[in-house]
Structures are given as structure tokens and as C-alpha cells.
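Single-letter residue listing:
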Amino acid sequence: MKKSIKSYLVFTSLSYRIWGLVIVPLLLAGVTVFGVCVVKLRGAQLYMIASYVLVFEILSDYWLFGGICEKQTREMEYLKTSLRGIGMLKRGLIIDLLRRAVYLLLFSIFCFAGSGQMESFIMGAELYLVILIGLNISRYLTIIQQQLLVSMLAIFPMSLLGLLEGCLEDNFIRSTYMIGMELTILYIVAVVVSIITVQHAMSRVKGSYYEKGTE
């Protein structure tokens, strides 16, 4: 694990570590606590806060792995100077997704602590999946304005999930067992999509790494 974390830190600048890993997440945590404890946001209303987290997680990837799936990019050119470069990248990608998963789990816990609703964890899992989809798209882009657009468009499916959650709240009473089943399915899907995300990025980078490219 220590080796994997070191590999991840290779791809992070000091400013990213300060702002992307500490300051902005703390600000979002503050907004979340304020929303659930003071404003008393509940259920589908929590998806509004989730949208801020969504935009941040996708956009901030620009300063981490932005453009690595674009075969013409030279963002990862320096990996060719090391025989261990590809392995280092894979470990970095995995730790990055683990970091996002942990942050979103904490986000769900904050929402649950303030609202008392188990559905907060469903929202967190859905948020993670939408972020993964956004990352798989944004990593083909090398211009920050394009990544900003992707992050903003990602709010749309998240909003639809919020509307769906609102409909379920109004028309159904879900037991703890049902919520647990939903979470189990979502977590399994999240693991599968995470593996696909890492493998997809690796296949794109390897094409460039070995000067073969991909069509």
C-alpha cells in the first residue's frame, strides 16, 4: 500500500495536494454539514450538495490524469523514461479511485449523521458511479474548458437520480433490507466500473507507451 500511495503522489503537485485533497474537500464537508444540520436538507434535496462534489471530482482530475486517454497527448510522455512507469501509473489510478471512494463514503456518513436516512449511502454510491462515467469521458480531453463542460453536464444524470429518489420517497416505504440490497448491487457495480475505468486508461496509455497507438 505504501508503494501504491507513493506512486499516486508522483502524479500530484503540491498545490493539488493542498487544494484538491484538503482545502476544497473540507469546504465541501462544511457545506454538507451546514446543509443537513442547519438548512435541514433531506432525501432528494441532498442531491444538490452532491452536484457540487460531482463537479469538483471530475474537474479536479484535469490536474491529475487529465488527457491520458487521448492518444495524441504527451501528458504521460515522461513514463517512457522508466521501465516501471506503467506499473506506477496503474497503482496511481487505483489509489485515486480508492481516495474518491473514501471521500464519498465520508460524504455519505455526514449526510446520514445529519438526516438519519440510510438512502444517503445510496446517493453516495450513485455519485461515485456518475463520477466514474465522467472521468472516462473527461480523460479524453486536454482543455480545461472541455472538462468543465463534462463536469457540468454530469449534473444532469445526477439530477435525474435525485428525481427518481424523490419519487421513491413519495410513493414507497423502503425497508432497511431493501436499502441494503440496493447498496449491495450499487457497490458491486461500482467495483466493476472501477476496474473497467483503470483498465481502459491503462490500455490507452500502453498504446502510446509502446508507440503502437490505438484507432
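Predicted, not measured: the structure shown is a model, and the values here were computed from it.

Caption draft 1: Layout of the overall build of the protein chain. The helix and strand inventory of the protein chain stands at 8 helices and 0 strands. Across the protein chain, helices and strands are ordered from the amino to the carboxyl terminus as α-α-α-α-α-α-α-α. Computed over the C-alpha atoms, the radius of gyration of the protein chain is 18 Å, within 12% of the 17 Å expected from 2.2 N^0.38 for a compact globule of 215 residues. A principal-axis box enclosing the C-alpha atoms of the protein chain has dimensions of 55 × 35 × 30 Å. Split into buried and exposed, the 215 residues of the protein chain put 46% on the buried side. For the protein chain, the accessible area works out to roughly 11600 Å², and carbon and sulfur atoms hold 71% of it. Averaged over its 19 positive side-chain charges, the protein chain has a centre that lies 13 Å from the centre of its 14 negative ones.

Caption draft 2: A look at empty space enclosed by the protein. Tallied over the full model, the rule gives 2 cavities of 30 Å³ or more. By volume, the second largest cavity is sized at about 40 Å³. Around the second largest cavity sit Gly-43, Leu-46, Tyr-47, Gln-117, Glu-119, Ser-120, Met-123 and Glu-165, which together line it. Sort the elements by how many residues they give to the lining of the second largest cavity and helix α5 (residues 119–138) lands first, with 3 residues. Of the residues that constitute the lining of the second largest cavity, the class distribution is 3 nonpolar, 3 polar and 2 charged.

Caption draft 3: The packing of aromatic side chains, seen in detail. As enumerated under the stated definition, the model contains 3 aromatic pairs in all. Ring plane angle 50° and centroid distance 5.2 Å describe the contact between Phe-11 and Phe-65, whose orientation is recorded as tilted. Here Phe-11, found in the loop between α1 (2–10) and α2 (14–37), pairs with Phe-65, found in the loop between α3 (46–59) and α4 (85–115); they are 54 residues apart in sequence, far enough to count as distant. Exposure remark for Phe-11: the relative accessible area of 6% places this residue in the buried category. Overall, the relative accessible area of 0% leaves Phe-65 in the buried class. Seen from the ring of Tyr-103, Arg-99 lies directly overhead, with NZ or CZ sitting 4.7 Å from the centre.

Cut-offs used in this document
- Residues numbered from 1 in each chain as written.
- Predicted model: local features only at pLDDT ≥ 70, side-chain atom pairs only at ≥ 80, totals over all residues.
- Heavy atoms only, no water.
- Helix = DSSP H or I, 4+ residues; strand = E, 2+ residues; numbered from the N terminus.
- Rg over C-alpha atoms; globule rule 2.2 N^0.38 Å.
- Buried < 20%, exposed > 50% of the residue type's maximum accessible area, 1.4 Å probe, protein only.
- Areas by Shrake-Rupley, 256 points an atom, 1.4 Å probe, with all protein chains shown as cover.
- Lys, Arg positive; Asp, Glu negative; His and termini not counted.
- Charge placed at Lys NZ, Arg CZ, Asp CG, Glu CD.
- 1 Å grid on protein atoms, 1.4 Å probe; cavity = no way out; pocket = protein on both sides within 12 Å on 5 of 7 lines; lining within 4 Å.
- Points joined across faces, edges and corners; volume = space filled by probe spheres on them.
- Nonpolar A, V, L, I, M, F, W, Y, C, P; charged D, E, K, R; others polar.
- Phe/Tyr/Trp six-rings, centres within 6.5 Å; stacked < 30°, edge-to-face > 60°.
- Lys NZ or Arg CZ within 6 Å of the ring centre and 35° of its normal.

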